[in-house]
Amino acid sequence: MLSMTGYGKGEYAEGGLELTCEIKTVNNRYLDVSIKAPRIFAAYEDVIRTTIRKKLTRGHADLFISFKDKRERPTALTVDIPLASSYVAAAKALKEAFPDLPDDVTLSSVLRYPEVLKQEDAISLDEEMTKALDKALNIALDNLNEMRAVEGEKLKADMLSRVATIEGLVGEISARAPMIAQEYREKLTARVQEYLAEAKIDENRILTEVAVFTDKSNIDEELTRLRSHIEQFRSIATEGIVGRKLDFLVQEFNREANTTCSKSNDVTITRAGLALKNEIEKIREQVQNLE
């Protein structure tokens, strides 16, 4: 069981190349990945997303990539031809305006004009850098999942304790339910006797009314399904990726609890049913944190 919330960091430092990947995740219904990295990695984003999808299925993930390239690399010199042409054209215009001035414009002098000759480091996404990125990213994802697994175990323990509480409440309701029909019969008989005084009571009529009441308030099916849901919850909790399964199961829990409360004609069952719904809601909130 994994929480959707966590943080992981991966680092690579070899041969003058230093690269760091940091990833943090929060709750989200689907997997949503945001990548913040230098432009050099723009063409590699699809590969990065594919790597993340192999280890995450839900949640919003923010990935941060930074690097320092201290390797000895060849430098590249580039000439801005349009800019140089503008300088030369300006020099020719000045020569025409001032023909008596000596003309000292040469190729060497043009190269010394501002911004004509540019020197850039030949930084590119080479094989070594992609290897460093893959390694750092996978370390970050592994650390992230390790943290999410620890958090997931805490969520699991909390939810299972609440499931145990739900099981106890279902037991209380099950024990109370069979008594309701008998109590209703006694109350109905007493009320009829009060109104009819010494008149003879039609026992068959009483039994018919009790049967109708019992049928309307019968919650055996709901209690059976709740017990089944409890078993399923405990079984699913042993799996790894359980968020969607438990989300659906909690909805079924809630449906049975609502039906139990609506069919109840007893204060004790209603009180237990409301406590049941409260525990189910707390589990639902925790399930939203699970992958």
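What counts and what doesn't
- Residues numbered from 1 in each chain as written.
- Predicted model: local features only at pLDDT ≥ 70, side-chain atom pairs only at ≥ 80, totals over all residues.
- Heavy atoms only, no water.
- Salt bridge = Lys/Arg side-chain N within 4 Å of Asp/Glu carboxyl O.
- Helix = DSSP H or I, 4+ residues; strand = E, 2+ residues; numbered from the N terminus.
- Buried < 20%, exposed > 50% of the residue type's maximum accessible area, 1.4 Å probe, protein only.
- Expected span 1.5 Å × (residues − 1).
- Arc of directions from axis to C-beta.

## Structural notes on the pattern of salt bridges
For the structure shown, the criterion picks out 15 salt bridges. The partner of Arg225 in a salt bridge is Glu221, and the shortest N-O contact between them spans 3.8 Å. Placement of both Arg225 and Glu221 in helix α6 (residues 220-236) is noted, with a separation of four residues, approximately one turn of the helix. The partly exposed category is assigned to Arg225, whose relative accessible area is 33%. Put simply, Lys245 and Glu239 hold a salt bridge, and the shortest N to O gap is 2.8 Å.

## Re α6
Here α6 is 17 residues long and its end C-alpha atoms lie 24 Å apart, about the 24 Å a rise of 1.5 Å per residue gives. Taken together, the buried positions of α6 are Glu222, Leu223, Leu226, His229, Ile230, Phe233 and Ile236. An end-on view of α6 places all buried positions within 145° of arc, on one side of the element. Exposed side of α6, more than 90 degrees from the buried face: Glu221 and Glu231 are the residues found there.

## Here's the deal with helix α7 (residues 243-263)
Every α-helical turn comprises 3.6 residues, leaving residues that sit three or four positions apart pointing alike. Under the 1.5 Å per step criterion, the end-to-end length of α7 is 31 Å for 21 residues, consistent within 8% with the ideal 30 Å. Among the residues making up α7, those that are buried are Gly243, Leu246, Leu249, Val250, Glu252, Phe253, Glu256, Ala257, Thr260 and Cys261.

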